[in-house]
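# Commentary on secondary and tertiary structure
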Amino acid sequence: MFIGIDIGTSSVKAILLGEDQSLIASATAELTVERPHPGWSEQDPDSWWTACETVLDALKAQAPRQMAAVKGIGLSGHMHGATLLDSAGNPLRPCILWNDGRSGKQCAELEASEPKFLTLGGNRVMPGFTAPKLQWVRENEPETFARTEMVLLPKDYVRFKLTGDYVGDMSDSAGTLWLDVARRDWSDELLAATGLSRKNMPRLVEGSESSGTLKPELCARWGFGAAPVVAGGGGDNAASACGVGAVEPGSAFVSLGTSGVLFVTNDRFSPNVESAVHAFCHAVPDTWHQMGVILSATDSLNWLARTLKKAPSKLTGALTSVNGPSPVSFLPYLGGERTPHNDVGIRAGFFGISHETDDAVLTHAVLDGVAFALKDCLEALSVAGTKVERVLAVGGGSRSEVWLEIIASLLNVTVDVPVDGDFGASLGAARLGQAAALGTTEGIFAKPALKASIDPVPALTERYAEGYGRWRKLYPALKQAGF
């Protein structure tokens, strides 16, 4: 048996898989995000551990006999979170999350003072990344910075609680901006730019390798017959790629979660910093990937649902089909945007609202706006020489067939829909746990069973191409107007 644990922004999910990767049990525990100031986004690191205890307790309750046979545990987690620990391994402050925008000033200064962030790091210095967050702490909370002995990413804090070891994997660590991504190792120069060194960083392993074993007292608590190995694991998107079998160069997926991602696997480090494409290590050895990332995918739909006081599923369920773009346009920049704008200050907006605008029109506009932003990502990947013809759909938003039809037609790609699209990261984590326990990646990362494949609708492709041309004019117009 193998366990996958995904530390998400809104919840922690755990699944128990059999040797044939059949789902035996699953559990979820909710998390909350604190926003003490505009543009800030934080979480209590110990809330991740409490949630992990909850879901593992639940797995034991559901399948006590099978838990005794667990040989490997894999971890995935939301990337870039700055978790600062003191010499005793205790958190010094709330974790600064991936969607926190406070470090815009530090980003500009770091990019200007150390150009190797763009070359060795392979990515623009954005507020979402870990390095500028530490620079913000260094400048604004110097006492906390002085006491910081170790900086971990969210899943790696959970690993520390599981094993007692400070270890990170290549895919997640590439999102810190301290990694020499091509060499898959920490960069002394990039660490020094933010006043840190290797002693503040965890040991690195590949995602499919063992990072240690579970503590004896935890083995007793959850009924494991022998201490399972804990795999290096991966950042949530790399883990999702493992979950949907996107580990071979050229394979791709689109994730409609809190954020939105267009992910393509590469056989080499392939940065495109001009268009704010993310170029990271993959969670499997000798493999890299590119991502176009938008910050508010289902987050945009959830915001609309809260505003209209209706469930997101009710809003999308009422939209049974579309024959073209909504008459209202929506920019999904609720907390700024990454690809392609790298703009922490831009905000969302509706355009073209009239007396006739109702909930269905607004919902349609939100789905379109997210799809248009993903089209921006595809364009940025195309500039880097990457061609995408087919994508797998994962994340909660993939339950909306209309949304996937819009995306397929707009991006002009076939969208494959797995039987279960909501467990991509936890499934990938479990598979990495299996690889670490067995000592091989051979035959581990198969593509999932599909329930549907959605091809582009030619008439919609034409209409959405026209709509995208109009939509793209909104961002520069807003910027010119000073928004």
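A short tour of the structure in this document, coming up. (Residues numbered from 1 in each chain as written. Predicted model: local features only at pLDDT ≥ 70, side-chain atom pairs only at ≥ 80, totals over all residues. Heavy atoms only, no water.)

## Thoughts on the pattern of salt bridges
Our working rule: Here a salt bridge means any side-chain nitrogen of Lys or Arg lying within 4 Å of a carboxyl oxygen belonging to Asp or Glu. To qualify as a helix, a DSSP run of H or I must reach at least 4 residues; to qualify as a strand, a run of E must reach at least 2; elements of each kind are numbered from the N terminus.
Enumeration over the complete set of coordinates arrives at 26 salt bridges. Across the pair Arg124 and Glu111 runs a salt bridge, and its minimum N-O distance is 3.1 Å. Here Glu111 lies in helix α3 (residues 104–113) and Arg124 lies in the loop between α4 (116–119) and α5 (130–140), a separation of 13 residues in the sequence. We note a salt bridge from Lys375 to Glu379, for which the minimum N-O separation is 3.4 Å. Of the two residues, Lys375 and Glu379 are both situated in helix α14 (residues 359–383); the distance of 4 residues between them amounts to about one turn of the helix. It is possible to trace a salt-bridge network through shared partners that takes in Glu42, Arg93, Asp100, Arg102 and Glu141.

## Here we look at helix α7 (residues 154–163)
What counts, and what does not: Burial classes: relative accessible area under 20% of the type maximum marks a residue as buried, over 50% as exposed, and values in between as partly exposed (1.4 Å probe, protein chains only).
In terms of burial, α7 is a largely internal element, 9 of the 10 residues being buried. Along α7, the positions that sit buried rather than exposed are Pro154, Lys155, Asp156, Tyr157, Val158, Arg159, Phe160, Leu162 and Thr163. The first or second residue beyond α7 is Gly164, which carries a positive phi of 85°.

## Focus on the pairing of strand β2 (residues 11–17)
Using the following cut-off: By this definition, two strands are paired if DSSP reports at least two bridges between them.
Along β2, 7 of the 7 residues are buried, which leaves the element largely enclosed by surrounding structure. Here β2 shows a buried face lined by Ser11, Lys13, Ile15 and Leu17 and a second buried face lined by Val12, Ala14 and Leu16. Pairing between strand β1 (residues 2–7) and β2: 6 bridges, direction antiparallel. Residue pairing in the sheet places Ile5 in a bridge with Ala14 of β2.

## Description of helix α12 (residues 298–308)
Basically, it comes down to this: Directions are taken from the helix axis to each C-beta atom, and the arc is the one they span.
Restricting attention to buried positions, one finds in α12 the residues Thr298, Ser300, Leu301, Leu304 and Ala305. For α12, the angular spread of the buried residues around the axis is 155°, confining them to a single face. Trailing α12 by a residue or two, Lys309 shows a phi angle of about 60°, which is positive.

## Things to note about the side chain of Asp416
To keep it simple, the criterion reads: Counting of polar contacts relies on pairs of N or O atoms within 3.5 Å, with two restrictions inside protein: one atom must be capable of donating a hydrogen and the other of accepting it, and residues adjacent in sequence are counted only when both atoms are side-chain atoms.
Along the polypeptide, Asp416 turns up in strand β23 (residues 414–418). In terms of polar contacts, Asp416 uses its side chain to reach the side chain of Arg390, at 2.7 Å.

## Section: the packing of helix α15 (residues 401–411) against helix α17 (residues 458–471)
Rules: The angle between two axes is taken between their N-to-C directions and runs from 0 to 180 degrees, where each axis is a line fitted to C-alpha atoms and a helix contributes only its stretch in contact. In this scheme, roughly parallel covers angles under 35 degrees and roughly antiparallel covers those over 145, while 65 to 115 is roughly perpendicular and the rest are oblique. In this description, contact between two residues means that some pair of their heavy atoms is separated by no more than 4.5 Å. Classification convention: Asp, Glu, Lys, Arg as charged; Ala, Val, Leu, Ile, Met, Phe, Trp, Tyr, Cys, Pro as nonpolar; all other residues, Gly among them, as polar.
At a closest axis distance of 8 Å, the pairing of α15 and α17 adopts a crossing angle of 80°. In terms of orientation, α15 lies roughly perpendicular with respect to α17. From α15, Glu405, Ile406, Ser409 and Leu410 reach across to α17, where they touch Leu460, Thr461, Tyr464 and Tyr468. Taken together, the residues of the contact of α15 with α17 break down into 5 nonpolar, 2 polar and 1 charged.

## Concerning the nonpolar core
Basically, it comes down to this: Here the nonpolar core consists of buried residues drawn from Ala, Val, Leu, Ile, Met, Phe, Trp, Tyr and Cys, with membership extended through side-chain atoms lying within 4.5 Å.
In this structure, Val391, Ile407, Val415 and Trp471 are the most contacted members of the largest nonpolar core, which totals 55 residues. Residues Leu191, Leu204, Phe280 and Val293 belong to the second largest nonpolar core, which totals 46 residues.

## Focus on the sheet that holds strand β17 (residues 260–266)
Across the sheet, which stays open at both edges, the 7 strands sit in the order β18-β19-β17-β16-β22-β23-β24 with mixed pairing between neighbours. Looking at which strands have only one partner, the edges of the open sheet turn out to be β18 (278–281) and β24 (450–454). Across the sheet, the axes of successive neighbouring strands diverge by a mean angle of 25°, strand direction being ignored. Relative to strand β19 (residues 288–294), β17 is paired through 7 bridges, and the arrangement is antiparallel. When the bridges of β19 are listed, Val264 appears paired with Gln290.

## Side note on the packing of aromatic side chains
Aromatic ring pairs: the centre-centre distance and the angle between the two ring planes describe each pair. To be explicit about the condition: Only Phe, Tyr and Trp rings take part, Trp by its six-membered ring, and two of them pair if their centres are within 6.5 Å. Stacked means planes under 30 degrees apart, edge-to-face means over 60, and tilted covers everything else. Whether a charge sits over a ring comes down to the Lys NZ or Arg CZ being within 6 Å of the ring centre and within 35 degrees of the ring normal.
In the structure shown here, the tally under the stated rule is 14 aromatic pairs. On the numbers, 6.2 Å between centres and 70° between planes, the contact of Trp48 with Tyr157 is edge-to-face. Of this pair, Trp48 sits in helix α1 (residues 45–62) while Tyr157 sits in helix α7; the two residues are 109 residues apart in sequence, bridging distant segments of the chain. Judged by relative accessible area, which is 1%, Tyr157 ranks as buried. Members of the aromatic cluster, each reached through a chain of ring pairs, are Trp48, Tyr157, Phe160 and Tyr166. Between Arg102 and the ring centre of Trp136, over which it is positioned, the NZ or CZ distance is 4.6 Å.

## Notes on the environment of Ser259
Here Ser259 lies in the loop between β16 (252–256) and β17. Given the relative accessible area of 18%, Ser259 is considered buried. Spatially, the C-alpha atom of Ser259 lies 27 Å from that of Leu191, the residues being 68 residues apart in sequence. Not counting residues up to four positions away in its chain, the partners in contact with Ser259 are Trp98, Ile294, Leu295, Ser296 and Ala297.

## Quick look at the pairing of strand β3 (residues 23–30)
The side chains of a regular strand alternate between both faces of the sheet. Pairing of β2 with β3 involves 7 bridges; the strand directions are antiparallel. From the neighbouring strand, Leu16 faces β3, where its bridge partner is Ala25. What sits between β2 and β3 in their antiparallel hairpin is a turn of 5 residues, with Gln21 showing a positive phi close to 70°.

## A word on the environment of Asp156
Within the element layout of this structure, Asp156 appears in helix α7. Each C-alpha atom of the pair Asp156 and Ser173 lies 9.9 Å from the other, and the pair is 17 residues apart in sequence. In contact with Asp156, other than residues within four places in its own chain, are Val167, Gly168, Asp169 and Asp172. Among the polar contacts made by the side chain of Asp156, one reaches the side chain of Lys155 at a distance of 2.8 Å. There is a polar contact of 2.8 Å between the side chain of Asp156 and the side chain of Arg159.

## What about unusual backbone geometry?
Glycine aside, residues mostly have negative phi angles, and peptide bonds mostly take the trans form. The omega angle of the peptide bond from Thr339 to Pro340 is 0°, so this bond is cis rather than trans. In this fold, Pro340 is placed in the loop between β20 (329–331) and β21 (349–351). Of note in the backbone geometry, Gln21 takes a positive phi value of approximately 70° without being a glycine. The topology assignment puts Gln21 in the loop between β2 and β3. Of note in this structure, Asp286 is not a glycine but carries a positive phi near 55°. Considering the arrangement of structural elements, one finds Asp286 in the loop between β18 and β19.

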